[in-house]
Amino acid sequence: MILQIIKLRSNLSEEDLLSKAREREPQFKAIPGLVQKYYVKTGQPGEYGGVYVWDSLESLRSFQKTDLAKSIPQAYEIVTAPGIEIMDILFQLRND
């Protein structure tokens, strides 16, 4: 499995960002290979993120080519290039 962590700065208020995320929730639930996604905020004003768990690097790469992926910067009014980290998950503590 693959862990992808994205940190971004947005012009949207937290309320507006969450509203936009809820609108797009069905589209993200339908992504092949996306095991889980966590919407997070950091301790910095206007800084949010996404923590994605993918079943494979191929699923992540396929998603990156989609219109949904390409729409993220505009949808969330991202003001600077996001920070992105991709890691292999070696094992998980729980299977439930």
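This text follows the structure it describes.
Notes on the structure in this doc start here. (Residues numbered from 1 in each chain as written. Predicted model: local features only at pLDDT ≥ 70, side-chain atom pairs only at ≥ 80, totals over all residues. Heavy atoms only, no water.)

**Overview of the environment of D16**
Selection rule: Numbering goes from the N terminus for both helices and strands, where a helix is a DSSP run of H or I of at least four residues and a strand is a run of E of at least two.
When you line up the elements, D16 lands in helix α1 (residues 14-29). Put simply, D16 and Y76 are 60 residues apart on the chain and 8.8 Å apart in space, counted from C-alpha to C-alpha.

**Some thoughts on a nonpolar patch on the surface**
Basically, it comes down to this: Put simply, a patch holds well-exposed residues, over 30% relative accessible area, that have no salt bridge, with like charges counted together within 9 Å and Val, Leu, Ile, Met, Phe, Trp or Tyr side chains within 5 Å. Areas reported as accessible are Shrake-Rupley estimates using a 1.4 Å probe. Residue values count occlusion only from the protein chains shown. A carboxyl oxygen of Asp or Glu within 4 Å of a side-chain nitrogen of Lys or Arg is what we treat as a salt bridge. Burial here depends on accessible area, computed with a 1.4 Å probe over protein chains only, as a share of the maximum for the residue type. Under 20% is buried, over 50% is exposed, and the range in between is partly exposed.
Taken together, the side chains of L57, I84 and I86 make up a nonpolar region of the molecular surface, amounting to roughly 230 Å² of accessible area. With respect to the element layout, I84 can be found in strand β4 (residues 83-88). Looking at I84, the relative accessible area reads 49%, which means it is partly exposed.

**Some words on helix α3 (residues 67-75)**
The line we're drawing: It is the directions from the helix axis to the C-beta atoms whose arc is reported.
Buried residues of α3: L68, A69, I72 and A75, and no others. Down the axis, α3 shows its buried residues gathered within 115 degrees of arc, on one side only. Residues of α3 that are exposed and point over 90 degrees away from its buried face: D67, K70 and Q74. E77, located one to two residues past α3, shows a positive phi value of around 50 degrees.

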